[in-house]
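One-letter residues, chain by chain:
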Amino acid sequence: MKVHLFIWIYLAIFIFLLSLLWMLCLVPPVSRDALVHHLAVPKIYLNHGRIIELPCMRFSYYPMNLDLLYWGALYLGSDILPKFIHCSFGIATVGCVFYYLKTRLNIHFAVYGALLLMIVPIFIRLSITAYVDLGLMFFSFAALLGVIKWDETNQMRYLVLGALCCGLAMGTKYNGLITFVFLALGVLFLASRKVPQIKALMLFTSFVLISLTVFSPWMIRNMVWTGNPVYPLYNGLFDSEHQKQCEVASYALSDHRLKINKFLYRKNVYQEDTLDLLMLPLRYFFQGKDHDPRYFDGKLSIALLIFPFFSLLKTNHKQAVRSEKWFIVYFTVLFFLSAFFGGPLRVRYVVPILPCLVILSVYGLDNMLRFIRNNRIRISSWSFACIILFGMSHSLISSFKYIVQTIENISPVQYIRGDISREDYITHFRPEYSTFEYINNNLPEDTKILFFFLGGRGYYCDRQYIPDQDLNLFKIYELIRVEEKLDDVAEWFRKKGITHFVFNYKIVQERIENDLSQSEKLRLYTFLDMYTSKEFGKNGFGVHSICFNFYRK
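Residues numbered from 1 in each chain as written. Predicted model: local features only at pLDDT ≥ 70, side-chain atom pairs only at ≥ 80, totals over all residues. Heavy atoms only, no water.

Participant: Requested: an account of the pairing of strand β5 (residues 541–546), with residues and values cited.
Facilitator: Across the six residues that make up β5, a large majority, six, are buried. Of the two faces of β5, the one carrying Phe541, Val543 and Ser545 and the one carrying Gly542, His544 and Ile546 are both buried. As paired strands, strand β4 (residues 532–538) and β5 are joined by six bridges and run antiparallel to one another. Bridged to Phe536 within β5 is Val543. Where β4 folds back on β5, the antiparallel hairpin that results is connected by two residues, among which Asn539 adopts a positive phi of roughly 60°. (Buried < 20%, exposed > 50% of the residue type's maximum accessible area, 1.4 Å probe, protein only. Helix = DSSP H or I, 4+ residues; strand = E, 2+ residues; numbered from the N terminus. Pairing = 2+ DSSP bridges.)

Participant: Just give me the short version of the environment of Leu233, but keep the residues and values in it.
Facilitator: As for its placement among the helices and strands, Leu233 is situated in the loop between α11 (197–226) and α12 (252–258). Leu233 gets classed as partly exposed once you look at its relative accessible area, which sits at 28%. Separated by 135 residues in the primary sequence, Leu233 and Phe98 have C-alpha atoms spaced 36 Å apart. In this structure Leu233 touches Tyr174, Leu177 and Asn228, once residues within four positions along its chain are discounted. (Contact = heavy atoms within 4.5 Å.)

Participant: Can you break down the sheet that holds β5 residue by residue, with the values?
Facilitator: Spatially, five strands are ordered β2-β1-β3-β5-β4 in an open sheet, and the strand pairing comes out mixed. In the strand order of this sheet, the two ends are held by β2 (464–466) and β4, each with one partner. Strand-to-strand twist of the sheet, defined as the mean angle between neighbouring strand axes without regard to direction, takes the value 25°. Here strand β1 (residues 448–452) pairs with strand β3 (residues 500–504) via four bridges, running parallel. Across the sheet, the residue bridging to Leu450 is Phe501, located in β3. (Axes fitted to C-alpha atoms, helices over the stretch in contact; angles between N-to-C directions.)

Participant: Explain the pattern of salt bridges to me, using residue names and the numbers behind them.
Facilitator: Per the counting criterion, the structure on display carries 23 salt bridges. Asp151 is the salt-bridge partner of Lys194, the closest N and O atoms lying 2.8 Å from each other. Within this pair, whereas Lys194 is found in the loop between α10 (176–192) and α11, its partner Asp151 is found in helix α8 (residues 133–153), the two being separated by 43 residues in sequence. A network of salt bridges, in which partner residues are shared, links Arg32, Asp33, Asp133, Lys173 and Arg348. (Salt bridge = Lys/Arg side-chain N within 4 Å of Asp/Glu carboxyl O.)

Participant: If you had to explain empty space enclosed by the protein to someone new, which residues and values would you point to?
Facilitator: Applying the stated criterion to the full structure yields one cavity of 30 Å³ or more. Within this model, the largest cavity holds a volume of roughly 60 Å³. Examining the composition of the lining of the largest cavity, we find that four residues originate from one element, helix α1 (residues 2–25), more than from any other. When its residues are assigned to classes, the lining of the largest cavity shows seven nonpolar, no polar and no charged. (1 Å grid on protein atoms, 1.4 Å probe; cavity = no way out; pocket = protein on both sides within 12 Å on 5 of 7 lines; lining within 4 Å. Points joined across faces, edges and corners; volume = space filled by probe spheres on them. Nonpolar A, V, L, I, M, F, W, Y, C, P; charged D, E, K, R; others polar.)

Written as structure tokens, this is what we have:
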């Protein structure tokens, strides 16, 4: 009777959390990457009726398995549906965690693991956005489970399933390449323990070929467009040049900026000392903060730092289970280190190992409870009990605060009840939306706009645009310095088909004041005064048309 009662309680908690996530999904998309990439690019494809090359949008060369699903949602007329699609991959991962723990431990640990994953702050945040990270998490974890099941049963179908999911992970986001490398090496290691070397190599090759075949459409696309199958990654390894450059500028400068040492950057900009830098991997779990790159742009849970260590204690688990745990540890540690050293320090980039950390945490909790039951030393038992209580209570309290704060920030109830219109809601979070409304309602269809410091957020713009980057402003700097006549500067934009500028006035003003000499500033302001005309301005953003008849206003 008690077991059934607990199951009903668990189910009620799960439904409550899922309802909260769905409620938070019911507002218009305002998250950065959705407006820059995951919805913006599918919208452009939809408008053209096909996939086209977008040289000025570097992110459009990324693999787009989930973005294709969002394309379908936009075709149906909904930009809210992609959030539910993304959320569904997170819930599917929760189901996989539940299934795995139920078969290895019991239903109580399985439910605890599922709920633990659902209350991790970064999981909540991603579940209510039209991103792709939860899709990568699902396919990576499914691939891992496929390899584990193949090792347990020796049935080839599970290895094939793991390879298929691995290929889908790569086709969702380039971080899936990390999953591919370490799972492929894991297959080689596991196979070499029980079959001859030649057969182990055949199994390894099969896994690699199946994975790459699933991923191949995106590699072929990029190979045709750029000569690099994983563009813009590893350009130095491929002796080719991207022939179709952005009409404003190449990405040479941005490539250079990406090579800045992130640890030196943190030391100089954030004033972090050696101890702070050494603690960075641990700080992921207790010092995260949304939308703040200094604090990893996301939050994990301290329980995922404490409990996994106890999963390594010797127990009376079966040898197969102990081997699985070490394989999960192998994948988790190497993926974390690769993401940590291989790119920007963002919690989002280690999301694929969240299910692994949850499973190891549950194993750790199981081991500590076994130790408490079997240990006759009261001090040790109480110590373990305090650790368990601290880890669980901190996670629950932290997650509850995070959910309340998220609801307050997003304000879904006011929007759902109709207290605030869609336009006002979007403008509250993205003040440039009023500018896009003007553009969509007043500018002709053949308008081509150059953005300046809008953060690349072009989804709500219905006219052709070139997303902003420092290079847009630098291009004007270059023209002002090189061209003898200001007429020639305007003529350059005319030849490129650019008809309008959209400025973030505050940032553009600051950059001009800091970047240019007095004479260069005078020349630039003269160009803007003579050859552009302000058509609209609101909330710190403005639309300027370029005058091609070259007269002083």
